[in-house]
Amino acid sequence: MPLTLFAGWYRLPLYYQILLALLLGIVVGVAWGSDAAVLALPGKLILRLLGALAPPLILAAIVHTLMTAEFGGRDSLKLARLLILNTLVAIFIGLSVANLIQPGVGADLVVPATHADISQKSANPNPLVTFLDNVPKSLFGPLGDDGKVIGVIFIGVAFGIALRSQRERAIGTAEDLAELALTTLIRVLHWIIAVVPLAVFGIIASIVGTQGFGGFKALGLFVASVIIALTLQAIYYLTRIRFGSWVRPLMVLRGTRDALVTAFSTASSTATMPVTFRCLRDQVGIREKSASLGALVGANFNNDGTALYEAMAALFIAQMLGMQLDLQQQILVVLTSVMASVGAAGIPEAGLVTMTMVFNAVGLPLQFIPILLTVDWFLDRCRTAINVMGDINVSCLIDGKRTGTLGNKP
Ligand code: ASP
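Any chance you could break down the overall build of the protein chain for me, citing the residues and the numbers?
The helix and strand tally for the protein chain stands at 18 helices and 0 strands. A sequence separation of at least 24 residues applies to 82% of the contacts in the protein chain between residues at least 6 apart.

Pulling in residues and values, what's your account of the packing of helix α12 (residues 257-266) against helix α13 (residues 269-284)?
At a minimum axis separation of 8 Å, α12 and α13 run at an interaxial angle of 170°. By the criterion of interaxial angle, the relationship of α12 to α13 is roughly antiparallel. Residue-level inspection shows Asp258, Ala259, Thr262, Ala263 and Thr266 of α12 in contact with α13, the latter providing Ala271, Thr272, Val275, Thr276, Arg278 and Cys279. Of the residues assigned to the contact of α12 with α13, the class counts are 5 nonpolar, 4 polar and 2 charged.

Give a description of the packing of α12 against helix α18 (residues 369-399) that names residues and reports values.
The interhelical angle for the contact between α12 and α18, taken along N-to-C directions, is 150°, at an axis separation of 7 Å. In terms of orientation, α12 lies roughly antiparallel with respect to α18. The way α12 lies across α18 gives a crossing that is right-handed. Across the interface between the two elements, Ala259, Leu260, Ala263, Phe264 and Ser265 of α12 pack against Phe378, Arg381, Cys382, Thr384, Ala385, Val388, Met389 and Ile392 of α18. Of the residues that constitute the contact of α12 with α18, the class distribution is 10 nonpolar, 2 polar and 1 charged.

I'd like a description of the confidence of the model for the protein chain, backed by residues and values.
Segments scoring low in pLDDT should not have their predicted coordinates read at a detailed level. Mean pLDDT over the protein chain stands at 82; residues scoring 70 or higher make up 90%. Within the protein chain, helix α11 (residues 249-255) carries the highest mean pLDDT (92), whereas helix α5 (residues 113-119) carries the lowest (45). Confidence over residues 113-122 falls short of pLDDT 50; this stretch has 16 contacts with residues more than four positions distant or in other chains.

Could you give me a rundown of the packing of aromatic side chains, with the residues and numbers involved?
We describe a pair of aromatic rings using the distance from one ring centre to the other and the angle between the two ring planes. Counted by the stated rule, this structure contains 4 aromatic pairs. On the numbers, 6.1 Å between centres and 45° between planes, the contact of Phe222 with Tyr309 is tilted. With Phe222 in helix α10 (residues 214-244) and Tyr309 in helix α15 (residues 304-320), this residue pair connects regions lying 87 residues apart in the sequence. Seen in terms of ring centroids, Phe222 and Phe316 are 4.3 Å apart; in terms of plane orientation they differ by 15°. Their pairing is stacked.

Quick rundown of helix α7 (residues 149-164)? Include the residues and the values.
Here α7 contains 16 residues, and its C-alpha end-to-end distance of 22 Å stays within 8% of the 22 Å for a straight helix at 1.5 Å per residue. Buried within α7 we find Gly151, Ile155, Phe159 and Ala162. Angularly, the buried residues of α7 cover 55° about the axis, an arc narrow enough to put them on a single face. For α7, the elements touching its buried residues are α3 (40-68) and α8 (174-194).

Give me the lowdown on the site of the ligand, citing residues and values where you can.
Around the ligand, 16 residues are found, and the nearest of them are Ser269, Thr306, Gly351, Asp380 and Arg383. Here Asp380 contributes a side-chain N or O atom positioned 2.8 Å from a nitrogen atom of the ligand. Within the complex, the protein chains bury 100% of what would otherwise be the 270 Å² of accessible surface of the ligand. For the shell around the ligand, the elements supplying multiple residues, two or more each, are α17 (350-362) and α18.

Explain unusual backbone geometry residue by residue, including any values.
The phi dihedral of Gln102 falls on the positive side, at around 50°, and the residue is not glycine. As for its placement among the helices and strands, Gln102 is situated in the loop between α4 (74-101) and α5. Of note, the phi angle at Ala267 is positive, near 55°, even though the residue is not glycine. Here Ala267 lies in the loop between α12 and α13.

Can you lay out the pattern of salt bridges for me, pointing to particular residues and giving the numbers?
According to the stated counting rule, one finds 5 salt bridges in the structure shown. The shortest N-O distance in the salt bridge between Glu288 and Arg281 comes to 3.5 Å. Owing to a relative accessible area of 22%, Arg281 belongs among the partly exposed residues under this scheme. Between Arg383 and Asp376 there is a salt bridge, with the nearest N and O atoms lying 2.9 Å from each other. Across the pair, exposure class does not vary: Arg383 and Asp376 are buried alike. Several salt bridges converge on common partners, so that one network encompasses Arg281, Asp282 and Glu288.

Describe the side chain of Asp399, naming the residues involved and giving the relevant values.
Locating Asp399 in the fold gives a position in helix α18. A distance of 2.8 Å separates a polar atom in the side chain of Asp399 from a polar atom in the side chain of Trp246.

Definitions and limits used
Residues numbered from 1 in each chain as written. Predicted model: local features only at pLDDT ≥ 70, side-chain atom pairs only at ≥ 80, totals over all residues. Heavy atoms only, no water. Helix = DSSP H or I, 4+ residues; strand = E, 2+ residues; numbered from the N terminus. Contact = heavy atoms within 4.5 Å. Axes fitted to C-alpha atoms, helices over the stretch in contact; angles between N-to-C directions. Parallel < 35°, antiparallel > 145°, perpendicular 65-115°, else oblique. Nonpolar A, V, L, I, M, F, W, Y, C, P; charged D, E, K, R; others polar. Left-handed = near helix turned anticlockwise from the far one by under 90°. pLDDT = per-residue confidence, 0-100. Phe/Tyr/Trp six-rings, centres within 6.5 Å; stacked < 30°, edge-to-face > 60°. Expected span 1.5 Å × (residues − 1). Buried < 20%, exposed > 50% of the residue type's maximum accessible area, 1.4 Å probe, protein only. Arc of directions from axis to C-beta. Near = heavy atom within 4 Å. Polar contact = N/O pair within 3.5 Å; in protein donor to acceptor, adjacent residues only side chain to side chain. Areas by Shrake-Rupley, 256 points an atom, 1.4 Å probe, with all protein chains shown as cover. Salt bridge = Lys/Arg side-chain N within 4 Å of Asp/Glu carboxyl O.

Below you can see the structure in the form of structure tokens.
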């Protein structure tokens, strides 16, 4: 019976699992009150695992993209310029909206005490806490001088199992190696994401139990703010297309709606790539070279929706904690968000992994990322659609003002 329940649970889509975990967390938080504080532990650990996976995942994604993408010519320079500009505009829009609406102000969250306990294991001799403290904070830490053998075992077990299915795979070229590293890391990431609902349950129960519902009103406002900012980014894209290319904005929206709907429904811009390319070439009539440069090459680096979201999320959590991020810290948010968006693989929830990097850079506590998780299943879809729209924008602008291959149109 428990096994059937377990299998049934994993057959549910992730967003159902997260919604159920959210509801359960609220019920348990209300019932247990401040005793629920201890439930924040699993969330903390899962976030720690995500944080450990982020740097190698980003590294593998960038190395893999640079190894496999076809570059060259003037268009590539134009592509690089457009990518940087669009990402900076996205972050600027995100930070402006978050500074203007201030969705997190007044929520007055505090960091629950248990989080301090876990990191100060000498002050807390609980063997479970001591054991859990060995969950690696970074993938290479335990192999270096932090000397935590249990951490090495964790990593060995995870990658040993992840690589079992790949053992017959032939490695002929360096590209195969980069591909193997990326696939294996993504596999481990999927396992961590599978326990994310547990993190949501725990952190929500602990927050509701110890601090009530203040944070949730703020969360609603945050969702609204992100949607406003993403809409502004979409307007920016369409305006640039209107004045920088031969394509008309309505024509783009009509011709690429399959890609936008696919992006929203899969939450994966990588999975959407072939659809985006086909829509641009066959429905809109963009030249094949421009469509491929924007939608296939650029797509690997171009995650403006993710950049905008990460910057807004950092500011939102800072506001909730009553922390003022000064200009210097906001600039740090900009820089890390740019890197985080470049390194984010085009798969569901990738932004969540790289967000740990942004939070670490400005000293925000990672344990509040699960609060965002409660709405991330939805916002991930919205930002993925904007990521894809960014690829569409770049393709159109590279295609320029000279009318494209209308002959391609159906
Ligand atoms: N899901 C997004 C994408 O595929 C990445 C992210 O999580 O922000 O583009």
